[in-house]
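Structural features, examined
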Amino acid sequence: KDGEGELLRDSQGALQKGEVVRVDVMRRGRGFGAPYGDNRAGNWEFSSYRRDGSTLIPAANGGDCAACHRNAGADKDFVFRVRAPLAAH
(Lines give C-alpha, C1' and ligand atoms only; values in the text may rest on other atoms or scores of the structure.)
Protein backbone atom coordinates (compact mmCIF):
# COMPACT_ATOMS: atom_id res chain seq x y z
CA LYS A 1 0.00 0.00 0.00
CA ASP A 2 1.07 3.56 -0.50
CA GLY A 3 1.38 6.18 2.23
CA GLU A 4 -2.36 6.86 2.04
CA GLY A 5 -3.32 3.19 2.44
CA GLU A 6 -4.25 2.67 -1.22
CA LEU A 7 -3.25 -0.53 -3.00
CA LEU A 8 -0.27 -0.13 -5.33
CA ARG A 9 -0.70 -0.97 -9.02
CA ASP A 10 1.77 -1.37 -11.87
CA SER A 11 1.62 0.55 -15.19
CA GLN A 12 -1.01 -1.92 -16.52
CA GLY A 13 -3.19 -1.47 -13.44
CA ALA A 14 -2.45 -4.89 -11.92
CA LEU A 15 -2.09 -5.04 -8.16
CA GLN A 16 1.50 -5.20 -6.96
CA LYS A 17 2.48 -8.10 -4.78
CA GLY A 18 3.37 -7.17 -1.21
CA GLU A 19 4.32 -8.90 2.00
CA VAL A 20 1.72 -11.21 3.53
CA VAL A 21 0.93 -9.85 6.96
CA ARG A 22 -2.23 -11.82 7.74
CA VAL A 23 -4.62 -14.44 6.39
CA ASP A 24 -8.35 -13.76 6.51
CA VAL A 25 -10.64 -16.77 6.61
CA MET A 26 -14.33 -17.25 5.81
CA ARG A 27 -16.00 -20.49 6.89
CA ARG A 28 -19.57 -21.55 6.16
CA GLY A 29 -21.78 -24.02 7.95
CA ARG A 30 -25.25 -24.47 9.35
CA GLY A 31 -25.90 -21.79 11.96
CA PHE A 32 -22.54 -20.05 11.49
CA GLY A 33 -22.69 -16.28 11.93
CA ALA A 34 -25.68 -16.33 14.27
CA PRO A 35 -23.70 -14.59 17.06
CA TYR A 36 -23.14 -11.60 14.73
CA GLY A 37 -26.83 -10.66 15.05
CA ASP A 38 -27.85 -7.91 12.62
CA ASN A 39 -24.37 -8.01 11.04
CA ARG A 40 -24.81 -11.63 9.98
CA ALA A 41 -23.82 -12.46 6.39
CA GLY A 42 -25.60 -15.72 5.68
CA ASN A 43 -24.14 -18.84 7.32
CA TRP A 44 -20.58 -17.50 7.30
CA GLU A 45 -18.15 -16.81 10.12
CA PHE A 46 -14.97 -14.80 9.77
CA SER A 47 -11.56 -14.82 11.43
CA SER A 48 -8.04 -13.58 10.77
CA TYR A 49 -4.59 -14.98 11.59
CA ARG A 50 -1.09 -13.53 11.74
CA ARG A 51 1.76 -15.02 9.71
CA ASP A 52 2.93 -16.98 12.76
CA GLY A 53 -0.48 -18.69 13.01
CA SER A 54 -1.65 -16.78 16.06
CA THR A 55 -5.18 -15.43 16.03
CA LEU A 56 -5.65 -11.79 15.16
CA ILE A 57 -9.48 -11.79 15.03
CA PRO A 58 -11.21 -14.85 16.51
CA ALA A 59 -14.41 -16.05 14.84
CA ALA A 60 -16.44 -14.87 17.83
CA ASN A 61 -15.32 -11.30 17.04
CA GLY A 62 -15.84 -11.47 13.27
CA GLY A 63 -19.00 -9.35 13.30
CA ASP A 64 -17.26 -6.36 11.71
CA CYS A 65 -16.06 -8.60 8.86
CA ALA A 66 -19.59 -9.97 8.44
CA ALA A 67 -21.07 -6.46 8.38
CA CYS A 68 -18.87 -5.55 5.42
CA HIS A 69 -19.52 -8.85 3.62
CA ARG A 70 -23.25 -8.18 3.85
CA ASN A 71 -22.55 -5.50 1.23
CA ALA A 72 -21.46 -8.18 -1.27
CA GLY A 73 -25.04 -9.47 -1.13
CA ALA A 74 -26.74 -12.82 -0.84
CA ASP A 75 -26.74 -13.20 -4.65
CA LYS A 76 -22.92 -13.45 -4.48
CA ASP A 77 -23.10 -15.61 -1.36
CA PHE A 78 -21.57 -12.68 0.61
CA VAL A 79 -18.22 -13.13 -1.18
CA PHE A 80 -16.56 -10.20 -2.95
CA ARG A 81 -15.21 -11.09 -6.38
CA VAL A 82 -12.06 -9.37 -7.65
CA ARG A 83 -12.17 -8.58 -11.36
CA ALA A 84 -8.85 -6.74 -11.54
CA PRO A 85 -5.89 -8.94 -12.49
CA LEU A 86 -3.70 -9.87 -9.55
CA ALA A 87 0.04 -9.40 -9.59
CA ALA A 88 2.06 -12.24 -11.10
CA HIS A 89 3.76 -14.59 -8.67
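Regarding the overall build of the protein
- If you tally the helices and strands in the protein, you get 1 helix and 3 strands.
- What you see in the protein, going N to C, is helices and strands ordered as β-β-β-α.
- For the C-alpha atoms alone, the extent of the protein along its principal axes is close to 45 × 35 × 25 Å.
- The burial tally for the protein puts 21% of its 89 residues in the buried class.
- Pairs at least 24 residues apart make up 41% of the contacts formed inside the protein by residues separated by at least 6 positions.
- Total accessible area on the protein stands at roughly 6800 Å², and carbon and sulfur atoms take up 49% of it.

Thoughts on the sheet that holds strand β2 (residues 44-50)
- Strands sit in the order β1-β2-β3 across an open sheet of 3 strands; the sheet is antiparallel. Each end of this open sheet is capped by a strand with a single partner; those strands are β1 (22-28) and β3 (55-57). In this sheet, neighbouring strand axes are inclined to one another by 35° on average, regardless of whether the strands run parallel or antiparallel.
- Bridge analysis of β2 against β3 gives 2 bridges, and the strand direction is antiparallel.

With respect to the environment of Asn-61
- Checked against the element boundaries, Asn-61 lands in the loop between β3 and α1 (63-69).
- Taking C-alpha positions, Asn-61 is 8.1 Å from Phe-46, a pair spaced 15 residues apart along the chain.

A short note on unusual backbone geometry
- Phi at Asp-77 is positive, roughly 55°, even though this residue is not glycine.
- As for its placement among the helices and strands, Asp-77 is situated in the segment after α1.
- Overall, the relative accessible area of 27% leaves Asp-77 in the partly exposed class.

Concerning the side chain of His-69
- On the secondary structure map, His-69 appears in helix α1.
- Non-local contacts of His-69, meaning those with residues more than four positions away in its chain, are made with Met-26, Ala-41, Phe-46, Phe-78, Val-79 and Phe-80.

With respect to the nonpolar core
- Formed by Tyr-36, Ala-41, Trp-44, Phe-46, Ala-66, Phe-78 and Val-79, the largest nonpolar core amounts to 7 residues.
- Other than its neighbours up to four places away in sequence, Phe-46 contacts Val-25, Met-26, Tyr-36, Ala-41, Pro-58, Ala-59, Gly-62, Cys-65, Ala-66 and His-69.

Quick notes on the rules
- Along each chain, residue indices are assigned from 1 in the same order as the chain's sequence is written.
- The predicted nature of this model means local features are confined to residues of pLDDT at least 70 and side-chain atom pairs, given and counted, to a pLDDT of 80 or more, with totals for whole chains, interfaces and linings taken over all residues.
- Excluded from the side-chain calculation are hydrogens and water; included are all heavy atoms of the structure.
- Secondary structure is summarised from DSSP: a helix means a run of H or I of at least four residues, a strand means a run of E of at least two, and numbering begins at the N terminus for each.
- Using a 1.4 Å probe on the protein chains alone, a residue whose accessible area is under 20% of its type maximum counts as buried, one over 50% counts as exposed, and one in between counts as partly exposed.
- Any two residues whose heavy atoms approach within 4.5 Å are treated as being in contact.
- Working definition of accessibility: Shrake-Rupley area with a 1.4 Å probe, residue cover restricted to the visible protein chains.
- Two strands qualify as a pair provided that DSSP identifies no fewer than 2 bridges between them.
- Axes here mean lines fitted to C-alpha atoms, for a helix over just the part in contact, with angles spanning 0 to 180 degrees between N-to-C directions.
- What is meant by a nonpolar core is a set of buried Ala, Val, Leu, Ile, Met, Phe, Trp, Tyr and Cys residues, joined one to another through side-chain atoms within 4.5 Å.

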